[in-house]
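# Observations on the three-dimensional arrangement
Residues per chain are reported as follows:
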Amino acid sequence: MRQPFFSALTFLFAIYCSPTYADLSLTLNEEEMAKANAMYQQYCSLCHGKDRAGYKADNAPSLKSHSMLSTAYPQLLFDSIAWGRVNSAMDGYSRDMGGPFSDSDIILLIRWLAQKESITPVELTQTSISGDALKGKALYASNCASCHGDKGQGVTAPAIADQLFLSSATDSYIKHAIVNGRDDTPMQSFKNQLEDDEINDLVAYLRSQASGWKKKPIELAQWPSADEYVLNPKGQDPTFNLREGRYVPAHEVVRALEDKKKFIVLDTRPGSAWQRIHIPGAVPMPYYRDKSKIADNLPNDGTWIVAYCACPHAASDSVINHLRSLGYKNTAVIDEGILKWIEMGLPVIAGKDKVVGLEDKDG
Ligand code: HEC
Ligand code: HEC
């Protein structure tokens, strides 16, 4: 049973994915397990928690629920990590997107996640499910919107109308999640709450939110060089009023940018997120960077340093905490984070200097 099933999975995966015929068996040895664990702790535990149970920051979901792992392994897990999810704290980690991982790094991580929980992958059909999207919309509003948001944009639960999610998740994957829930998380099973037809209607409604978004590697911009870190080096110092001695309101940062004050802005998300969209002049300083390198090229002379992430605080707090431990005096975290910043209509750019509208279509 097991062997043919795995080859079918491998085959499907190989069609979608460039690393041809990747080994997807759940037979990592001790050394590989240790390497994957170290990667996970450095890159993922910030939000998904050391124990993979989720909800450490930003309502990041569980990465150990069997219902998720057994249906998401391998393709959806790979895609979620490689490409991330639009407009959420989950950014893409693949090199194609400007992130740190090769395809084989990602494959090592997903094999580790699956092997840790000894899952048996569930084979789901690729056929689409038909249902009444209009009925599904009403069912969604009364049963799902409280956690997933009125438009599926995610609130305390993942964004299930997300274009990246919908481009990877099959109808049967979505249905399986609704029928079975996600063990040990707030996502209950709706098996006894809703009829089979109603669940199909919900799937049809969620599917109707997909825009036909396609995965596509982006053109990567060069990271700024050290002599570009300080904005307006001849300008005056800004005045920031910090909440709890740490958080600076977005509008004060915008004013400092407009008034050409001297300061540094750090983007603490993965490099892929900086490539996609960032605050003008921001320097990429991913939270997972080796701690001994964070301070390289950052002047410790009282120049203001403000950091932000999507979160709004987890990644930026970790970088600012480190700078403070090294004695950096004027440091702060942008209170709202960049997702709110974008919603507020404040200025952003993509790549090195490409000005973009607020709808970032290239993901
Ligand atoms: C800054 C916080 C943050 C970090 C760091 C982070 N994630 Fe996530 N992750 C999230 C959030 C939030 C979501 C849910 C996104 C949404 O709304 O759809 C998510 C979703 C996911 C999913 C989809 C799970 C599902 O149920 O569909 C996977 C898989 C995942 N993350 C893996 C990882 C891995 C592996 C890493 C490390 C390489 C990582 N994440 C790092 C916040 C984070
Ligand atoms: C009480 C809050 C809550 C309600 C109500 C709720 N969900 Fe969820 N849902 C969640 C959470 C939290 C998760 C992520 C669980 C995890 O893996 O950590 C989730 C996960 C999911 C997923 C899997 C997403 C992925 O990335 O794999 C789907 C699909 C989903 N929910 C659909 C629905 C639908 C449809 C409804 C309504 C019938 C619904 N949910 C109602 C909280 C909720």
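This text goes with the structure placed above it.
In short, a report on the structure. (Residues numbered from 1 in each chain as written. Chains lettered and ligands numbered in written order. Predicted model: local features only at pLDDT ≥ 70, side-chain atom pairs only at ≥ 80, totals over all residues. Heavy atoms only, no water.)

Turning our attention to the site of ligand 2. Taken together, 21 residues sit near ligand 2, with Tyr55, Cys144, Cys147, His148 and Met187 positioned nearest. In this structure, Tyr173 approaches ligand 2 through a side-chain N or O atom, which is 2.7 Å from an oxygen atom. Within the side chain of Arg182, an N or O atom sits 2.9 Å from an oxygen atom of ligand 2. Contributing elements (two or more residues each) for the shell around ligand 2: helix H8 (145–148) and helix H10 (171–180). Ranked by the residues each element gives to the shell around ligand 2, the list is headed by H10, at 3 residues. When the residues that make up the shell around ligand 2 are grouped by side-chain class, the tally is 15 nonpolar, 4 polar and 2 charged. (Near = heavy atom within 4 Å. Polar contact = N/O pair within 3.5 Å; in protein donor to acceptor, adjacent residues only side chain to side chain. Helix = DSSP H or I, 4+ residues; strand = E, 2+ residues; numbered from the N terminus. Nonpolar A, V, L, I, M, F, W, Y, C, P; charged D, E, K, R; others polar.)

Here we come to the pattern of salt bridges. The final tally for this structure, using the stated rule, is 10 salt bridges. Across the pair Asp171 and Arg207 runs a salt bridge, and its minimum N-O distance is 2.7 Å. Of this pair, Asp171 sits in helix H10 while Arg207 sits in helix H11 (residues 196–208), placing them 36 residues apart in sequence. For Asp171, a relative accessible area of 6% corresponds to the buried category. For the salt bridge of Asp335 with Arg243, the shortest nitrogen-to-oxygen distance reads 2.8 Å. Pair noted here: Asp335 is in the loop between strand S5 (331–334) and helix H16 (337–343) and Arg243 is in the loop between H11 and strand S1 (247–248), with a separation of 92 residues, a long-range link. Overall, the relative accessible area of 19% leaves Asp335 in the buried class. The structure contains a network of salt bridges with shared partners spanning Arg243, Glu244 and Asp335. (Salt bridge = Lys/Arg side-chain N within 4 Å of Asp/Glu carboxyl O. Buried < 20%, exposed > 50% of the residue type's maximum accessible area, 1.4 Å probe, protein only.)

Turning next to the state of the cysteines. Counting across every chain of the model gives 1 disulfide. Shown here is the disulfide that connects Cys309 with Cys311, its sulfur atoms set 2.2 Å apart. (Disulfide = S-S within 2.5 Å.)

Let us look at the coordination of the iron atom of ligand 1. In an ideal octahedron of six donors the angles at the metal are 90 or 180 degrees, and in an ideal tetrahedron of four donors they are 109.5 degrees. Donor atoms from the polypeptide that coordinate the iron atom of ligand 1 comprise His48 (NE2) and Met90 (SD), at 2.0 to 2.2 Å from the metal. Considering all 6 donor atoms around the iron atom of ligand 1, angles at the metal cover 87 to 179 degrees and the coordination shape is octahedral. Within this pair, whereas His48 is found in helix H3 (residues 45–48), its partner Met90 is found in the loop between helix H5 (75–83) and helix H6 (103–116), the two being separated by 42 residues in sequence. A residue is classified by how much of its surface remains accessible, and His48, at 11% relative accessible area, is buried. The exposure class assigned to Met90 is partly exposed, which follows from its relative accessible area of 22%. (Donors = N, O, S within 2.8 Å, 3.2 Å for Na, K, Ca; no water. Tetrahedral: all angles 85-135°; square planar, octahedral: opposite > 155°, others 65-115°.)

Glancing now at the packing of helix H2 (residues 30–43) against H6. At their nearest, the axes of H2 and H6 sit 9 Å apart, and the two run at 100 degrees to each other. By the criterion of interaxial angle, the relationship of H2 to H6 is roughly perpendicular. On H6, the residues touching Glu32, Met33, Lys35, Ala36, Asn37, Met39 and Tyr40 of H2 are Asp105, Leu108, Leu109, Trp112, Gln115 and Lys116. Grouping the constituent residues of the contact of H2 with H6 by class yields 7 nonpolar, 2 polar and 4 charged. (Axes fitted to C-alpha atoms, helices over the stretch in contact; angles between N-to-C directions. Parallel < 35°, antiparallel > 145°, perpendicular 65-115°, else oblique. Contact = heavy atoms within 4.5 Å.)

Protein ligation of the iron atom of ligand 2 involves His148 (NE2) and Met187 (SD), the donor distances falling in the range 2.0 to 2.2 Å. Because the angles between the 6 donor atoms bound to the iron atom of ligand 2 fall within 88 to 178 degrees, the donor set is best described as octahedral. Of the two residues, His148 is situated in helix H8 and Met187 in the loop between H10 and H11; the sequence distance between them amounts to 39 residues. Residue His148 is classed as buried on the basis of its relative accessible area of 11%. The partly exposed category is assigned to Met187, whose relative accessible area is 24%.

Our focus in this paragraph is H5. Three- or four-residue spacings in an α-helix give side chains the same orientation, since the helix completes a turn every 3.6 residues. Counting buried positions over the 9 residues of H5 gives 9, a clear majority of the element. Along H5, the residues that are buried comprise Gln75, Leu76, Leu77, Phe78, Asp79, Ser80, Ile81, Ala82 and Trp83. Looking one or two residues past H5, Gly84 carries a phi angle of roughly 75 degrees, positive in sign.

This part covers the site of ligand 1. Around ligand 1, a shell composed of 22 residues is seen, among which Cys44, Cys47, His48, Met90 and Ala159 lie nearest. His48 is positioned such that a nitrogen or oxygen atom in its side chain is 2.8 Å from a nitrogen atom of ligand 1. A distance of 3.0 Å separates an oxygen atom of ligand 1 from a polar atom in the side chain of Arg85. Those elements that provide at least two residues to the shell around ligand 1 are H3 and H5. Among the elements that make up the shell around ligand 1, the one with the highest residue count is H5 (3 residues). Looking at the shell around ligand 1 residue by residue, the class counts come to 17 nonpolar, 3 polar and 2 charged.

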